[in-house]
Amino acid sequence: MVADTMDAHLSGLAEQRLISDPATIQSAGWLNDAWSQLERMIAAGRLPHGLLLHGRLGAPMTALLQTLARRLICDAPRDGWPCGECPACRQAEQGSFPDLHRLADDPDHRDIPVDVIRTLIDGAFITRYGRMRLVLIERIERLNRSSGNALLKLLEEPPESMQFLCTVEQVDRLLPTIRSRLQRIRLREPRPEELAAWWRQASGCSPERAELLAFIDDPTLVDGTDPTFDWQAVTSAWVRLAEEPQSPLAPIAPWLATPRPVLARWLLRLWPAVARRQAGLSDTLPAAIVPMIERLARAHDGERWLAVQSRLIQFARESGHPLHPELSVEHLALDLVDPRLARRLEPVG
């Protein structure tokens, strides 16, 4: 079991292929704004050795990260973009660029273990083939204290010409010592119509499908296909929980089958839409999700929905903790029905 876990983490380290996507970045306003800032830093020679891209994770952020990496190793950039034809670009496209170490995001949202960072450190001081060695760390807040302390030593004393490119979404979860060694570039929040337009161009899907993908907006979305979690089953379980509170643990099997960080993110994604409907405010939602949002809005009053938000935020903060995952989901379900219920069911003494 331990070997399987390590193999999964090391496979993320081995994922080296970089795709350059200037067209979609130029067409996506929030990405193009960040790119313009980055290009000015590169042109002026002011790019720090440690860069932190802070914003909503997912396919758009990945496109920005990979295109930036390609820009830095390109031998002959054209108008500030990677040429796609030089030896470095061709190697990156094929996944064979030798001076690249990439810690890809983990679909199960596991921490980055210290052994992976040690492997990274061991490779950092071998002979460099080109003019720059790149380290890409996606969702760097996955570092735990041990792996963070190990990486800190490399950030403080990196080998010559080593460039760190990192992404983060929940910057408050990033170790302060790591955060202080990286210069942050904050990406603005994309508008729903911008995300939908991005999906239409990136995947060629229909406008209706693009609107749905823009609303789901999960990091597991890559190429326009369905996310790795069953959003319909997870949402239907919340509807049933709200409408049938007499059996609060009966409908939550889809919640238990979903990684807790993914579950927390989705429930918090739904909450504003439900609260707006409950308050009678106008909004634009994908047709596929409207019936479930309306049923949730009818289930509770405004005061109750405020309490629901607080509980969901608490669940999100605790979702990365490895202990008792099933118990934490069950407690969430009980609290959403009645905050006092979970405490009443706890054993006395």
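Quick caveat, the model's predicted, so the values are computed rather than measured. (Residues numbered from 1 in each chain as written. Predicted model: local features only at pLDDT ≥ 70, side-chain atom pairs only at ≥ 80, totals over all residues. Heavy atoms only, no water.)

Draft legend 1. Spotlight on the overall build of the protein chain. Secondary structure summary: the protein chain contains 17 helices and 5 strands in total. A total of 349 residues make up the protein chain; the buried ones form 50% of that total. Total accessible area on the protein chain is roughly 16800 Å²; 50% of this is exposed by carbon and sulfur atoms. (Helix = DSSP H or I, 4+ residues; strand = E, 2+ residues; numbered from the N terminus. Buried < 20%, exposed > 50% of the residue type's maximum accessible area, 1.4 Å probe, protein only. Areas by Shrake-Rupley, 256 points an atom, 1.4 Å probe, with all protein chains shown as cover.)

Draft legend 2. Focus on the sheet that holds strand E3 (residues 133-137). An order of E2-E3-E4-E1-E5 is seen for the 5 strands of this open sheet, with the pairing classed as parallel. Looking along the sheet, the strands with just one partner apiece sit at the ends: strand E2 (100-103) and strand E5 (183-186). Shown here is a sheet whose adjacent strand axes are inclined to one another by a mean of 15°, direction ignored. The sheet contact formed by strand E1 (residues 50-54) and E5 spans 4 bridges and is parallel. The residue of E5 that forms the bridge with Leu-53 is Ile-185. (Pairing = 2+ DSSP bridges. Axes fitted to C-alpha atoms, helices over the stretch in contact; angles between N-to-C directions.)

Draft legend 3. Quick look at the pattern of salt bridges. Scanning the model with the defined rule gives 20 salt bridges in all. A salt bridge links Arg-142 to Asp-105, with the nearest nitrogen and oxygen atoms 3.6 Å apart. Here Asp-105 lies in the loop between E2 and helix H6 (114-124) and Arg-142 lies in the loop between E3 and helix H7 (145-156), a separation of 37 residues in the sequence. Residue Arg-142 is classed as buried on the basis of its relative accessible area, which comes to 4%. Assessed through its relative accessible area of 26%, Asp-105 is described here as partly exposed. Measuring nitrogen to oxygen at the nearest pair gives 3.3 Å for the salt bridge that ties Arg-191 to Glu-194. Taking relative accessible area as the criterion, Arg-191 reaches 42% and is therefore assigned partly exposed. (Salt bridge = Lys/Arg side-chain N within 4 Å of Asp/Glu carboxyl O.)

Draft legend 4. Structural context of the environment of Pro-245. Considering the arrangement of structural elements, one finds Pro-245 in the loop between helix H11 (231-243) and helix H12 (253-256). Accessibility expressed as a relative area gives 34% for Pro-245, which makes it partly exposed. The sequence separation of Pro-245 and Leu-336 amounts to 91 residues, and the corresponding C-alpha distance is 9.1 Å.

Draft legend 5. Structural view of empty space enclosed by the protein. Enumeration over the complete set of coordinates arrives at 1 cavity of 30 Å³ or more. In this structure, the largest cavity is lined by 17 residues; those nearest its centre are Arg-56, Leu-57, Pro-60, Leu-195 and Asp-217. Residue assignment for the lining of the largest cavity shows that the elements contributing at least two residues are helix H4 (59-73) and helix H9 (192-203). Counting residues per element, the lining of the largest cavity draws most heavily on H4, at 3 residues. Looking at the lining of the largest cavity residue by residue, the classes come out as 10 nonpolar, 2 polar and 5 charged. (1 Å grid on protein atoms, 1.4 Å probe; cavity = no way out; pocket = protein on both sides within 12 Å on 5 of 7 lines; lining within 4 Å. Points joined across faces, edges and corners; volume = space filled by probe spheres on them. Nonpolar A, V, L, I, M, F, W, Y, C, P; charged D, E, K, R; others polar.)

Draft legend 6. Region of the structure containing the packing of aromatic side chains. Counted according to the given criterion, the structure contains 6 aromatic pairs. An angle of 70° between the planes, with centres 5.6 Å apart, marks the rings of Trp-238 and Trp-305 as edge-to-face. Remark: Trp-305 occurs in helix H15 (residues 302-318) and Trp-238 occurs in helix H11; sequence separation between them is 67 residues. Side by side, Trp-238 and Trp-305 carry an identical accessibility label, which is buried. One aromatic cluster in this structure is built from Phe-215, Phe-229, Trp-231 and Trp-266. Sitting over the face of the ring of Phe-215, Arg-269 holds its NZ or CZ atom 4.5 Å from the ring centroid. (Phe/Tyr/Trp six-rings, centres within 6.5 Å; stacked < 30°, edge-to-face > 60°. Lys NZ or Arg CZ within 6 Å of the ring centre and 35° of its normal.)

Draft legend 7. Just the packing of helix H13 (residues 260-278) against helix H16 (residues 325-337), in detail. Closest axis-to-axis distance for the H13/H16 pair is 11 Å, and the angle between their directions is 20°. On the basis of their axis angle, the class for H13 and H16 is roughly parallel. Like other packed secondary-structure pairs, H13 and H16 cross with a definite hand, here left-handed. Residue-level inspection shows Arg-260, Leu-263 and Leu-267 of H13 in contact with H16, the latter providing Pro-325, Ser-328, Val-329 and Leu-332. Considering only residue class, the contact of H13 with H16 consists of 5 nonpolar, 1 polar and 1 charged. (Parallel < 35°, antiparallel > 145°, perpendicular 65-115°, else oblique. Left-handed = near helix turned anticlockwise from the far one by under 90°. Contact = heavy atoms within 4.5 Å.)

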